[in-house]
Amino acid sequence: MSEITRPIHVKSEIGPLKKVLLHRPGKELENLVPDFLERLLFDDIPYLEDAQKEHDAFAEALRENGVEVLYLEKLAAEAIDAGGVKEQFVDEWLAETGVQSQAMLKALKDYLLGMDDTYEMVLKTMEGFRKTEIEVEGGKSLSDLYETDYPFIVDPMPNLYFTRDPFATMYNGVTLNHMMSDTRNRETLYGKFIFDHHPEYGNGKVDRFYDREELTRIEGGDELVLSKDVLAVGISQRTDARSIEKLAGRLFKETDFKHIFAFLIGENRKFMHLDTVFTMVDYDKFTIHPEIEGGLKVWDITPNGDGSVNIKETEDELENILADALGQDSVQLIRCGDGDPVASAREQWNDGSNTLTIAPGVVVVYDRNTVTNRILEEAGLKLIKVRGSELVRGRGGPRCMSMPLQREDI
Ligand SMILES: NC(=[NH2+])NCCC[C@H](N)C(=O)O
(Lines give C-alpha, C1' and ligand atoms only; values in the text may rest on other atoms or scores of the structure.)
Protein backbone atom coordinates (compact mmCIF):
# COMPACT_ATOMS: atom_id res chain seq x y z
CA MET A 1 0.00 0.00 0.00
CA SER A 2 1.54 3.31 -1.02
CA GLU A 3 1.64 6.01 1.65
CA ILE A 4 -0.52 9.08 0.97
CA THR A 5 1.97 11.87 0.33
CA ARG A 6 0.09 13.97 -2.27
CA PRO A 7 -2.99 16.18 -1.72
CA ILE A 8 -4.92 14.00 -4.16
CA HIS A 9 -4.58 10.23 -3.82
CA VAL A 10 -7.40 8.15 -5.32
CA LYS A 11 -6.78 4.71 -6.82
CA SER A 12 -10.14 3.05 -6.25
CA GLU A 13 -13.86 3.56 -5.62
CA ILE A 14 -13.77 1.58 -2.38
CA GLY A 15 -10.51 2.31 -0.54
CA PRO A 16 -11.00 3.77 2.97
CA LEU A 17 -12.07 7.38 2.38
CA LYS A 18 -9.85 9.77 4.35
CA LYS A 19 -10.68 13.17 2.82
CA VAL A 20 -13.66 14.34 0.76
CA LEU A 21 -14.87 17.57 -0.86
CA LEU A 22 -18.46 18.70 -0.45
CA HIS A 23 -20.43 21.88 -1.09
CA ARG A 24 -23.10 22.82 1.45
CA PRO A 25 -26.24 23.85 -0.49
CA GLY A 26 -26.63 27.63 -0.27
CA LYS A 27 -28.89 30.45 -1.38
CA GLU A 28 -28.48 29.31 -4.97
CA LEU A 29 -31.31 26.88 -4.16
CA GLU A 30 -33.54 29.85 -3.30
CA ASN A 31 -33.03 31.15 -6.83
CA LEU A 32 -34.78 28.13 -8.38
CA VAL A 33 -38.13 29.10 -9.90
CA PRO A 34 -40.65 26.80 -11.65
CA ASP A 35 -40.38 28.29 -15.14
CA PHE A 36 -36.62 27.85 -15.34
CA LEU A 37 -35.95 24.53 -13.60
CA GLU A 38 -35.08 22.66 -16.80
CA ARG A 39 -32.44 25.25 -17.81
CA LEU A 40 -30.84 24.71 -14.39
CA LEU A 41 -31.10 20.89 -14.57
CA PHE A 42 -33.52 20.62 -11.64
CA ASP A 43 -36.87 18.83 -11.47
CA ASP A 44 -38.21 20.46 -8.32
CA ILE A 45 -37.47 23.14 -5.72
CA PRO A 46 -35.75 21.92 -2.54
CA TYR A 47 -36.53 23.56 0.82
CA LEU A 48 -33.11 25.06 1.58
CA GLU A 49 -33.23 24.79 5.37
CA ASP A 50 -34.02 21.08 5.28
CA ALA A 51 -31.59 20.46 2.41
CA GLN A 52 -28.88 22.00 4.58
CA LYS A 53 -29.89 19.88 7.57
CA GLU A 54 -29.75 16.75 5.40
CA HIS A 55 -26.40 17.80 3.97
CA ASP A 56 -24.98 18.53 7.44
CA ALA A 57 -26.13 15.05 8.51
CA PHE A 58 -24.42 13.56 5.45
CA ALA A 59 -21.18 15.38 6.34
CA GLU A 60 -21.46 14.28 9.99
CA ALA A 61 -22.00 10.66 8.96
CA LEU A 62 -18.75 10.85 6.99
CA ARG A 63 -16.87 12.45 9.90
CA GLU A 64 -18.16 9.78 12.28
CA ASN A 65 -16.55 7.24 9.94
CA GLY A 66 -13.13 8.86 9.95
CA VAL A 67 -13.49 11.09 6.90
CA GLU A 68 -12.16 14.65 6.91
CA VAL A 69 -14.74 16.87 5.19
CA LEU A 70 -13.60 19.91 3.19
CA TYR A 71 -15.88 22.42 1.49
CA LEU A 72 -15.51 23.70 -2.09
CA GLU A 73 -16.50 27.24 -1.14
CA LYS A 74 -13.79 27.42 1.53
CA LEU A 75 -11.06 26.02 -0.69
CA ALA A 76 -12.04 28.45 -3.46
CA ALA A 77 -11.88 31.45 -1.12
CA GLU A 78 -8.55 30.28 0.30
CA ALA A 79 -7.15 29.88 -3.21
CA ILE A 80 -8.33 33.32 -4.34
CA ASP A 81 -6.84 34.97 -1.25
CA ALA A 82 -3.59 32.99 -1.40
CA GLY A 83 -3.13 33.87 -5.05
CA GLY A 84 -4.16 37.49 -4.64
CA VAL A 85 -6.41 36.91 -7.64
CA LYS A 86 -9.76 38.29 -6.47
CA GLU A 87 -10.17 40.66 -9.43
CA GLN A 88 -9.00 38.02 -11.91
CA PHE A 89 -11.55 35.57 -10.47
CA VAL A 90 -14.37 38.16 -10.71
CA ASP A 91 -13.40 39.05 -14.28
CA GLU A 92 -13.42 35.40 -15.35
CA TRP A 93 -16.66 34.75 -13.49
CA LEU A 94 -18.28 37.79 -15.17
CA ALA A 95 -17.08 36.65 -18.60
CA GLU A 96 -19.12 33.46 -18.19
CA THR A 97 -22.34 35.06 -16.92
CA GLY A 98 -23.62 36.04 -20.35
CA VAL A 99 -24.15 39.65 -19.20
CA GLN A 100 -23.56 42.04 -22.13
CA SER A 101 -24.26 45.46 -20.70
CA GLN A 102 -20.99 47.20 -19.77
CA ALA A 103 -22.85 49.21 -17.14
CA MET A 104 -24.22 46.03 -15.57
CA LEU A 105 -20.85 44.29 -15.70
CA LYS A 106 -19.31 47.23 -13.89
CA ALA A 107 -22.06 47.25 -11.28
CA LEU A 108 -21.61 43.52 -10.62
CA LYS A 109 -17.82 43.85 -10.43
CA ASP A 110 -18.06 46.77 -8.01
CA TYR A 111 -20.54 44.80 -5.87
CA LEU A 112 -18.34 41.71 -5.65
CA LEU A 113 -15.02 43.51 -5.19
CA GLY A 114 -16.70 45.60 -2.56
CA MET A 115 -17.19 42.44 -0.44
CA ASP A 116 -14.26 42.32 2.00
CA ASP A 117 -14.87 38.69 2.93
CA THR A 118 -13.75 36.53 0.01
CA TYR A 119 -15.68 33.52 1.34
CA GLU A 120 -18.92 35.55 1.28
CA MET A 121 -18.03 36.78 -2.20
CA VAL A 122 -17.60 33.19 -3.41
CA LEU A 123 -20.99 32.27 -1.96
CA LYS A 124 -22.57 35.25 -3.75
CA THR A 125 -21.08 34.18 -7.09
CA MET A 126 -22.70 30.78 -6.52
CA GLU A 127 -26.07 32.28 -5.50
CA GLY A 128 -26.45 34.49 -8.59
CA PHE A 129 -28.07 37.91 -8.85
CA ARG A 130 -31.73 38.84 -9.16
CA LYS A 131 -32.65 41.90 -11.23
CA THR A 132 -34.03 43.52 -8.10
CA GLU A 133 -30.59 43.42 -6.47
CA ILE A 134 -28.64 45.72 -8.78
CA GLU A 135 -29.38 49.18 -10.16
CA VAL A 136 -27.21 50.47 -12.98
CA GLU A 137 -26.48 53.98 -14.08
CA GLY A 138 -27.02 54.55 -17.79
CA GLY A 139 -30.30 52.65 -17.97
CA LYS A 140 -31.09 49.06 -18.78
CA SER A 141 -29.53 46.95 -21.52
CA LEU A 142 -31.63 45.49 -24.31
CA SER A 143 -31.71 42.09 -22.60
CA ASP A 144 -32.80 43.79 -19.39
CA LEU A 145 -35.65 45.34 -21.34
CA TYR A 146 -36.90 42.48 -23.51
CA GLU A 147 -36.26 39.62 -21.11
CA THR A 148 -38.58 41.30 -18.62
CA ASP A 149 -40.02 38.05 -17.27
CA TYR A 150 -36.62 36.58 -16.56
CA PRO A 151 -35.89 37.46 -12.93
CA PHE A 152 -32.11 37.07 -12.92
CA ILE A 153 -29.17 39.16 -14.04
CA VAL A 154 -26.87 36.19 -13.32
CA ASP A 155 -28.12 32.61 -13.00
CA PRO A 156 -27.61 30.72 -9.77
CA MET A 157 -25.50 27.55 -9.79
CA PRO A 158 -27.82 25.15 -7.89
CA ASN A 159 -25.95 21.98 -8.92
CA LEU A 160 -22.78 22.90 -7.04
CA TYR A 161 -23.58 20.52 -4.17
CA PHE A 162 -22.99 17.75 -6.68
CA THR A 163 -19.24 18.11 -6.28
CA ARG A 164 -18.72 14.83 -8.14
CA ASP A 165 -19.04 16.37 -11.57
CA PRO A 166 -17.04 19.59 -12.26
CA PHE A 167 -13.77 17.77 -11.68
CA ALA A 168 -12.82 14.17 -10.96
CA THR A 169 -9.91 12.88 -8.89
CA MET A 170 -7.81 9.91 -9.89
CA TYR A 171 -4.28 8.91 -8.92
CA ASN A 172 -2.60 12.17 -7.88
CA GLY A 173 -4.54 14.41 -10.20
CA VAL A 174 -7.82 15.57 -11.62
CA THR A 175 -9.74 15.90 -14.80
CA LEU A 176 -10.88 19.54 -14.66
CA ASN A 177 -13.95 19.01 -16.75
CA HIS A 178 -15.71 20.70 -19.66
CA MET A 179 -19.37 20.15 -18.83
CA MET A 180 -22.39 19.78 -21.10
CA SER A 181 -24.44 22.77 -19.95
CA ASP A 182 -23.43 26.41 -19.47
CA THR A 183 -25.10 26.36 -16.08
CA ARG A 184 -22.75 23.65 -14.86
CA ASN A 185 -19.65 24.48 -16.88
CA ARG A 186 -19.49 27.75 -14.90
CA GLU A 187 -18.95 25.59 -11.79
CA THR A 188 -15.58 24.41 -13.07
CA LEU A 189 -14.15 27.91 -12.56
CA TYR A 190 -13.87 27.21 -8.82
CA GLY A 191 -11.81 24.12 -9.51
CA LYS A 192 -9.60 26.06 -11.89
CA PHE A 193 -8.72 28.62 -9.20
CA ILE A 194 -8.23 25.93 -6.54
CA PHE A 195 -5.85 23.88 -8.72
CA ASP A 196 -4.06 27.03 -9.88
CA HIS A 197 -3.68 28.94 -6.62
CA HIS A 198 -4.59 27.00 -3.48
CA PRO A 199 -1.64 26.58 -1.03
CA GLU A 200 -2.25 22.81 -0.78
CA TYR A 201 -3.92 21.96 -4.11
CA GLY A 202 -2.51 24.60 -6.43
CA ASN A 203 0.69 25.45 -8.25
CA GLY A 204 1.29 22.07 -9.79
CA LYS A 205 0.75 20.00 -6.64
CA VAL A 206 -2.14 18.23 -8.41
CA ASP A 207 -1.65 16.59 -11.81
CA ARG A 208 -4.08 17.70 -14.50
CA PHE A 209 -5.33 15.14 -17.00
CA TYR A 210 -8.07 17.25 -18.62
CA ASP A 211 -8.88 20.95 -18.74
CA ARG A 212 -12.05 23.02 -18.77
CA GLU A 213 -10.96 24.71 -22.05
CA GLU A 214 -11.11 21.39 -23.92
CA LEU A 215 -13.78 21.35 -26.63
CA THR A 216 -15.34 17.97 -25.84
CA ARG A 217 -17.37 17.21 -22.75
CA ILE A 218 -16.73 15.02 -19.73
CA GLU A 219 -18.35 15.01 -16.29
CA GLY A 220 -17.19 13.33 -13.09
CA GLY A 221 -20.36 11.31 -12.58
CA ASP A 222 -19.19 9.33 -15.61
CA GLU A 223 -15.70 8.66 -14.20
CA LEU A 224 -15.30 5.64 -11.88
CA VAL A 225 -11.87 4.54 -10.63
CA LEU A 226 -12.59 0.82 -10.29
CA SER A 227 -9.00 0.04 -9.28
CA LYS A 228 -5.43 1.29 -9.80
CA ASP A 229 -5.57 -0.61 -13.10
CA VAL A 230 -9.09 0.10 -14.31
CA LEU A 231 -11.06 3.29 -15.01
CA ALA A 232 -14.69 3.11 -16.16
CA VAL A 233 -16.12 6.08 -18.08
CA GLY A 234 -19.68 6.49 -19.30
CA ILE A 235 -20.47 7.69 -22.81
CA SER A 236 -23.59 9.57 -21.79
CA GLN A 237 -25.73 12.67 -22.09
CA ARG A 238 -22.79 14.46 -20.48
CA THR A 239 -19.60 12.78 -21.72
CA ASP A 240 -18.38 12.44 -25.29
CA ALA A 241 -16.51 9.41 -26.60
CA ARG A 242 -13.87 11.79 -28.01
CA SER A 243 -13.10 13.02 -24.50
CA ILE A 244 -12.46 9.47 -23.34
CA GLU A 245 -10.04 8.85 -26.21
CA LYS A 246 -8.16 12.06 -25.38
CA LEU A 247 -8.07 11.18 -21.69
CA ALA A 248 -6.92 7.62 -22.35
CA GLY A 249 -3.74 8.73 -24.11
CA ARG A 250 -2.81 10.98 -21.18
CA LEU A 251 -3.71 8.54 -18.42
CA PHE A 252 -1.80 5.63 -19.95
CA LYS A 253 1.24 7.91 -20.10
CA GLU A 254 0.91 9.50 -16.65
CA THR A 255 -0.66 6.79 -14.47
CA ASP A 256 -0.58 3.00 -14.11
CA PHE A 257 -4.08 2.49 -15.52
CA LYS A 258 -4.10 -0.58 -17.78
CA HIS A 259 -7.73 -0.51 -18.95
CA ILE A 260 -10.30 2.16 -19.59
CA PHE A 261 -13.78 0.70 -20.05
CA ALA A 262 -16.15 2.95 -21.99
CA PHE A 263 -19.77 2.18 -21.10
CA LEU A 264 -22.34 3.35 -23.67
CA ILE A 265 -25.35 4.38 -21.56
CA GLY A 266 -26.97 6.67 -24.11
CA GLU A 267 -28.40 10.20 -24.06
CA ASN A 268 -30.83 9.88 -21.19
CA ARG A 269 -31.72 12.51 -18.56
CA LYS A 270 -32.60 9.79 -16.03
CA PHE A 271 -29.17 8.23 -16.54
CA MET A 272 -27.28 11.47 -17.10
CA HIS A 273 -24.12 9.89 -15.63
CA LEU A 274 -22.80 6.34 -15.34
CA ASP A 275 -22.90 6.60 -11.55
CA THR A 276 -26.68 6.99 -11.60
CA VAL A 277 -26.90 3.39 -12.81
CA PHE A 278 -23.63 1.73 -11.75
CA THR A 279 -21.41 2.09 -8.68
CA MET A 280 -18.82 -0.08 -6.92
CA VAL A 281 -19.60 -1.10 -3.33
CA ASP A 282 -17.03 -3.79 -2.55
CA TYR A 283 -14.05 -5.64 -4.09
CA ASP A 284 -16.49 -7.83 -6.02
CA LYS A 285 -19.86 -6.09 -5.76
CA PHE A 286 -21.56 -3.36 -7.82
CA THR A 287 -24.96 -1.72 -7.90
CA ILE A 288 -26.55 -1.64 -11.32
CA HIS A 289 -29.84 -0.42 -12.73
CA PRO A 290 -31.50 -3.20 -14.77
CA GLU A 291 -32.55 -0.81 -17.55
CA ILE A 292 -28.96 -0.41 -18.74
CA GLU A 293 -28.12 -4.11 -18.79
CA GLY A 294 -29.84 -5.34 -21.92
CA GLY A 295 -27.56 -4.66 -24.88
CA LEU A 296 -25.05 -2.66 -22.84
CA LYS A 297 -22.00 -1.93 -24.99
CA VAL A 298 -18.61 -1.71 -23.29
CA TRP A 299 -15.37 -0.94 -25.11
CA ASP A 300 -11.99 -1.90 -23.61
CA ILE A 301 -9.34 0.76 -24.27
CA THR A 302 -5.75 -0.36 -23.66
CA PRO A 303 -2.34 1.22 -24.36
CA ASN A 304 -0.28 0.12 -27.35
CA GLY A 305 2.92 1.24 -25.66
CA ASP A 306 3.71 3.86 -28.30
CA GLY A 307 1.28 6.49 -27.08
CA SER A 308 -1.58 5.16 -29.18
CA VAL A 309 -4.48 3.13 -27.80
CA ASN A 310 -6.29 -0.01 -28.85
CA ILE A 311 -10.09 0.02 -28.70
CA LYS A 312 -11.96 -3.31 -28.64
CA GLU A 313 -15.65 -3.93 -28.13
CA THR A 314 -16.05 -6.46 -25.34
CA GLU A 315 -18.12 -9.56 -26.12
CA ASP A 316 -18.41 -11.11 -22.67
CA GLU A 317 -20.98 -10.59 -19.91
CA LEU A 318 -20.33 -7.51 -17.77
CA GLU A 319 -19.76 -9.64 -14.67
CA ASN A 320 -16.97 -11.54 -16.44
CA ILE A 321 -15.39 -8.38 -17.89
CA LEU A 322 -15.24 -6.82 -14.42
CA ALA A 323 -14.08 -10.00 -12.63
CA ASP A 324 -11.28 -10.49 -15.14
CA ALA A 325 -10.09 -6.86 -15.07
CA LEU A 326 -10.28 -6.64 -11.27
CA GLY A 327 -8.70 -10.01 -10.58
CA GLN A 328 -11.76 -11.44 -8.85
CA ASP A 329 -13.10 -14.98 -9.28
CA SER A 330 -16.52 -13.45 -9.85
CA VAL A 331 -18.42 -10.23 -9.22
CA GLN A 332 -21.99 -9.66 -8.09
CA LEU A 333 -24.25 -7.10 -9.72
CA ILE A 334 -26.85 -5.93 -7.18
CA ARG A 335 -29.86 -4.68 -9.09
CA CYS A 336 -31.50 -1.44 -8.07
CA GLY A 337 -35.03 -2.13 -6.87
CA ASP A 338 -34.23 -5.83 -6.76
CA GLY A 339 -34.98 -5.91 -10.50
CA ASP A 340 -38.69 -5.16 -9.93
CA PRO A 341 -39.62 -2.79 -12.80
CA VAL A 342 -41.64 -0.43 -10.60
CA ALA A 343 -39.27 -0.37 -7.63
CA SER A 344 -36.14 -0.11 -9.79
CA ALA A 345 -37.54 2.79 -11.85
CA ARG A 346 -38.64 4.63 -8.69
CA GLU A 347 -35.47 4.02 -6.77
CA GLN A 348 -33.09 4.75 -9.64
CA TRP A 349 -34.87 8.09 -10.10
CA ASN A 350 -34.12 8.77 -6.42
CA ASP A 351 -30.51 7.66 -6.73
CA GLY A 352 -30.76 4.19 -5.26
CA SER A 353 -27.83 3.18 -7.45
CA ASN A 354 -25.81 6.29 -6.67
CA THR A 355 -23.97 4.99 -3.60
CA LEU A 356 -20.79 6.34 -1.99
CA THR A 357 -18.44 3.63 -0.74
CA ILE A 358 -16.27 4.80 2.16
CA ALA A 359 -14.51 1.48 2.74
CA PRO A 360 -14.84 -1.96 1.13
CA GLY A 361 -18.44 -3.05 1.83
CA VAL A 362 -19.34 0.16 3.73
CA VAL A 363 -21.71 2.28 1.70
CA VAL A 364 -23.56 5.59 2.16
CA VAL A 365 -27.07 5.49 0.70
CA TYR A 366 -30.32 7.46 0.83
CA ASP A 367 -32.63 5.88 3.40
CA ARG A 368 -35.64 6.28 1.08
CA ASN A 369 -34.60 3.53 -1.34
CA THR A 370 -35.82 0.73 0.86
CA VAL A 371 -35.93 -2.10 -1.67
CA THR A 372 -32.41 -1.49 -2.97
CA ASN A 373 -31.12 -1.00 0.56
CA ARG A 374 -32.62 -4.31 1.65
CA ILE A 375 -30.85 -6.28 -1.06
CA LEU A 376 -27.59 -4.44 -0.43
CA GLU A 377 -27.79 -5.52 3.21
CA GLU A 378 -28.72 -9.05 2.18
CA ALA A 379 -25.55 -9.05 0.05
CA GLY A 380 -23.58 -8.34 3.22
CA LEU A 381 -22.97 -4.62 2.83
CA LYS A 382 -22.95 -2.26 5.82
CA LEU A 383 -25.16 0.70 4.97
CA ILE A 384 -24.91 4.22 6.34
CA LYS A 385 -28.37 5.58 5.63
CA VAL A 386 -28.86 9.33 5.27
CA ARG A 387 -32.03 11.27 4.58
CA GLY A 388 -32.23 12.79 1.13
CA SER A 389 -35.79 14.01 0.72
CA GLU A 390 -34.78 17.55 -0.21
CA LEU A 391 -31.30 16.83 -1.58
CA VAL A 392 -32.62 14.28 -4.10
CA ARG A 393 -34.80 16.92 -5.78
CA GLY A 394 -31.65 17.89 -7.67
CA ARG A 395 -31.45 14.33 -9.02
CA GLY A 396 -28.28 13.32 -7.20
CA GLY A 397 -27.27 10.96 -4.42
CA PRO A 398 -24.37 10.35 -2.02
CA ARG A 399 -21.82 9.70 -4.78
CA CYS A 400 -22.93 12.78 -6.74
CA MET A 401 -22.57 14.95 -3.64
CA SER A 402 -18.96 13.99 -2.91
CA MET A 403 -15.53 14.14 -4.51
CA PRO A 404 -12.90 11.97 -2.81
CA LEU A 405 -9.58 13.74 -2.31
CA GLN A 406 -7.75 10.92 -0.51
CA ARG A 407 -8.52 7.22 -0.25
CA GLU A 408 -6.19 4.60 1.23
CA ASP A 409 -5.05 2.02 -1.29
CA ILE A 410 -6.67 -1.40 -1.27
N1 LIG B 1 -22.78 12.37 -10.53
C2 LIG B 1 -24.04 12.59 -10.65
N3 LIG B 1 -24.90 11.60 -10.88
N4 LIG B 1 -24.48 13.89 -10.55
C5 LIG B 1 -25.89 14.26 -10.58
C6 LIG B 1 -26.05 15.68 -11.08
C7 LIG B 1 -27.50 16.16 -11.07
C8 LIG B 1 -27.62 17.54 -11.70
N9 LIG B 1 -28.97 18.09 -11.49
C10 LIG B 1 -27.31 17.50 -13.21
O11 LIG B 1 -28.21 17.33 -13.98
O12 LIG B 1 -26.14 17.60 -13.59
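This text follows the structure it describes.
Model, not experiment: these values are computed from the prediction. (Residues numbered from 1 in each chain as written. Predicted model: local features only at pLDDT ≥ 70, side-chain atom pairs only at ≥ 80, totals over all residues. Heavy atoms only, no water.)

**Quick look at the pattern of salt bridges**
Then step 1. As enumerated under the stated definition, the model contains 43 salt bridges in all.
Then step 2. The salt bridge partner of aspartate 207 is arginine 6, with a shortest N-O separation of 3.0 Å. Within this pair, whereas aspartate 207 is found in strand S7 (residues 207-210), its partner arginine 6 is found in the segment before strand S1 (17-22), the two being separated by 201 residues in sequence.
Then step 3. Judged by relative accessible area, which is 27%, arginine 6 ranks as partly exposed.
Then step 4. Arginine 184 is paired through a salt bridge with aspartate 165; the nearest N and O atoms lie 2.7 Å apart. Highlighted residues: arginine 184 in helix H7 (residues 182-185) and aspartate 165 in the loop between strand S4 (152-154) and strand S5 (167-170), separated in sequence by 19 residues. For the pair arginine 184 and aspartate 165, a shared accessibility class is recorded, and that class is buried.
Then step 5. Linked by salt bridges that have partners in common, Glu13, Asp275 and Arg399 make up one network. (Salt bridge = Lys/Arg side-chain N within 4 Å of Asp/Glu carboxyl O. Helix = DSSP H or I, 4+ residues; strand = E, 2+ residues; numbered from the N terminus. Buried < 20%, exposed > 50% of the residue type's maximum accessible area, 1.4 Å probe, protein only.)

**Notes on the nonpolar core**
Then step 1. Ranked by internal contacts, the top residues of the largest apolar core, which has 63 residues, are Phe89, Trp93, Leu108, Tyr190, Tyr201, Leu231 and Ile260.
Then step 2. With six residues, the single largest contributor to this core is helix H2 (residues 72-83).
Then step 3. Beyond its immediate stretch of four places on either side in the chain, tryptophan 93 contacts Leu112, Thr125, Phe129, Val154, Met157, Arg186, Leu189 and Tyr190.
Then step 4. One finds Leu22, Phe42, Leu48 and Val364 within the second-largest nonpolar core, a separate group that totals 31 residues. (Core = buried A, V, L, I, M, F, W, Y, C linked by side-chain atoms within 4.5 Å. Contact = heavy atoms within 4.5 Å.)

**Observations concerning the sheet that holds S7**
Then step 1. Read from one edge of the open sheet, three strands run S5-S6-S7, paired in mixed fashion. Where the open sheet ends on each side, the last strands, each with one partner, are S5 and S7. The sheet shows a mean angle of 30 degrees between the axes of neighbouring strands, taken without regard to direction.
Then step 2. As paired elements, strand S6 (residues 173-176) and S7 share three bridges and run parallel to each other. Considered in S7, the bridge of valine 174 is made with arginine 208. (Pairing = 2+ DSSP bridges. Axes fitted to C-alpha atoms, helices over the stretch in contact; angles between N-to-C directions.)

**Points about empty space enclosed by the protein**
Then step 1. Considering all chains together, one arrives at five cavities of 30 Å³ or more under this definition.
Then step 2. Of the pockets and cavities examined, the largest cavity occupies roughly 90 Å³.
Then step 3. As for the largest cavity, its lining consists of 14 residues, of which Phe162, Arg184, Met272, Gly394 and Arg395 are closest to the centre.
Then step 4. Put simply, the second largest cavity is a space of about 80 Å³.
Then step 5. Lining of the second largest cavity is provided by 14 residues; of these, Glu13, Arg164, Thr169, Val225 and Arg399 occupy positions nearest its centre.
Then step 6. Secondary-structure elements contributing two or more residues to the lining of the second largest cavity are S5, strand S8 (223-225) and strand S19 (403-407). (1 Å grid on protein atoms, 1.4 Å probe; cavity = no way out; pocket = protein on both sides within 12 Å on 5 of 7 lines; lining within 4 Å. Points joined across faces, edges and corners; volume = space filled by probe spheres on them.)

**So, the pairing of strand S10 (residues 259-266)**
Then step 1. In this sheet, S10 lies alongside strand S9 (residues 230-236) in parallel orientation, the contact comprising seven bridges. Directly across from serine 236, in S10, lies its bridge partner glycine 266.
Then step 2. A crossover links S9 with its parallel partner S10, the connecting element being helix H9 (residues 241-254), and its sense is right-handed.
Then step 3. Across five bridges, S10 lies against strand S13 (residues 297-303) in antiparallel orientation. (Right-handed = clockwise from strand over helix to strand, strands pointing away.)

**Points about the sheet that holds strand S16 (residues 356-359)**
Then step 1. Reading across from one edge, S16-S17-S18 is the order of the three strands in this open sheet, with mixed pairing throughout. Of all strands in the sheet, those with a lone pairing partner are S16 and strand S18 (382-386), marking the two edges. Pairwise comparison of adjacent strand axes, ignoring direction, gives a mean angle of 30 degrees for this sheet.
Then step 2. Both strand S17 (residues 362-366) and S18 contribute to a ladder of five bridges, which runs parallel. Bridge pairing links valine 362 to lysine 382 in S18.
Then step 3. Along the sheet face, helix H12 (residues 370-378) touches S17 and S18 and points at about 155 degrees away from the line of S18.

Keep in mind that these numbers describe shape and distance, not what the molecule does.
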